[in-house]
Amino acid sequence: MNLEIDFIDETEKVKESEIAKIEKLLQFAAGKLNLQGEIELSITFVHNEQIQQINKEYREKDQPTDVISFALEELGEGELELVGEGLPRMLGDIVISIDKAEEQANDYGHSYMRELGFLSVHGFLHLLGYDHMTEEDEKVMFTLQKDILDEFGLQR
C-alpha cells in the first residue's frame, strides 16, 4: 500500500514536524485498515473564515466547523463511477480549521497535536465511507478512531 498525501497549509501556521506526524498517523491508520494499492488524498489547513465559507456553501451551515471531508468515492445521484486501470485510488479532500483545532485542544484539555491527529483521522475515515449519522455507525467510527489514535500514541 502506498498512501500519498498532498498537504496545503493556507494558514502558514502548521509546522513541518506536525505535518510529518499527521502523515505517519494516516499511514499507520491505512495499515491498520489494511488498505491496498495506490491511494491519494489532500489535507488543507485553513482559518475559521475559510472553513465557515466552505461549510455555508456545501452544508448550508453559516458557522465555522473543525473538519470537512469531500469524499470522491461517494457517488451523487446521476453520477457515474470513474474507473481507470493503473490509476491511484483518489479518496478526496480533508479541510481542517487550525483555529478550531487550537480552541478544541484547550477545551478538551489535551494537546494541539492530539486534536490535529483526531481531526485528520476523523476526516480520513469519512473519506473511506465511515459516518456517524446513526448511533450504531457513530459507535463503530468513534471506536475505530480512538483505537487508531491510542495505538499511535496520541491519547487524550
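Residues numbered from 1 in each chain as written. Predicted model: local features only at pLDDT ≥ 70, side-chain atom pairs only at ≥ 80, totals over all residues. Heavy atoms only, no water.

Digging into the pairing of strand β4 (residues 89-97)
Move 1: For strand β2 (residues 38-46) and β4, the ladder comprises eight bridges, and the chain directions are parallel. Across the sheet, residue I39 finds its bridge partner in β4, namely R89.
Move 2: Direction of pairing for strand β3 (residues 67-71) relative to β4: antiparallel, over a ladder of five bridges. Considered in β4, the bridge of V67 is made with I96. (Pairing = 2+ DSSP bridges. Helix = DSSP H or I, 4+ residues; strand = E, 2+ residues; numbered from the N terminus.)

A closer look at the layout of surface pockets
Move 1: Volume-wise, the largest pocket comes out at about 680 Å³.
Move 2: Taken together, 23 residues make up the lining of the largest pocket; nearest its centre are R59, V67, I68, S69 and H126.
Move 3: Secondary-structure elements contributing two or more residues to the lining of the largest pocket are α2 (48-59), β3 and α4 (112-127).
Move 4: No other element matches β3, which puts five residues into the lining of the largest pocket. (1 Å grid on protein atoms, 1.4 Å probe; cavity = no way out; pocket = protein on both sides within 12 Å on 5 of 7 lines; lining within 4 Å. Points joined across faces, edges and corners; volume = space filled by probe spheres on them.)

A few points about the UniProt feature "binding site: Zn(2+)" (unreviewed entry) in the chain
Move 1: When the UniProt feature table is mapped to this numbering, "binding site: Zn(2+)" (unreviewed entry) covers H122, H126 and H132. Here the residues from the annotation list that line the largest pocket are H122, H126 and H132.
Move 2: Within the secondary structure layout, H122 lies in helix α4.
Move 3: What makes H122 buried here is its relative accessible area of 9%.
Move 4: Contact partners of H122, with chain neighbours within four places excluded, come to V67, H132, M141, F142 and Q145.
Move 5: Counting through the fold element by element, H126 comes out in helix α4. (UniProt positions renumbered as here; feature names shortened; annotations may be inferred. Buried < 20%, exposed > 50% of the residue type's maximum accessible area, 1.4 Å probe, protein only. Contact = heavy atoms within 4.5 Å.)

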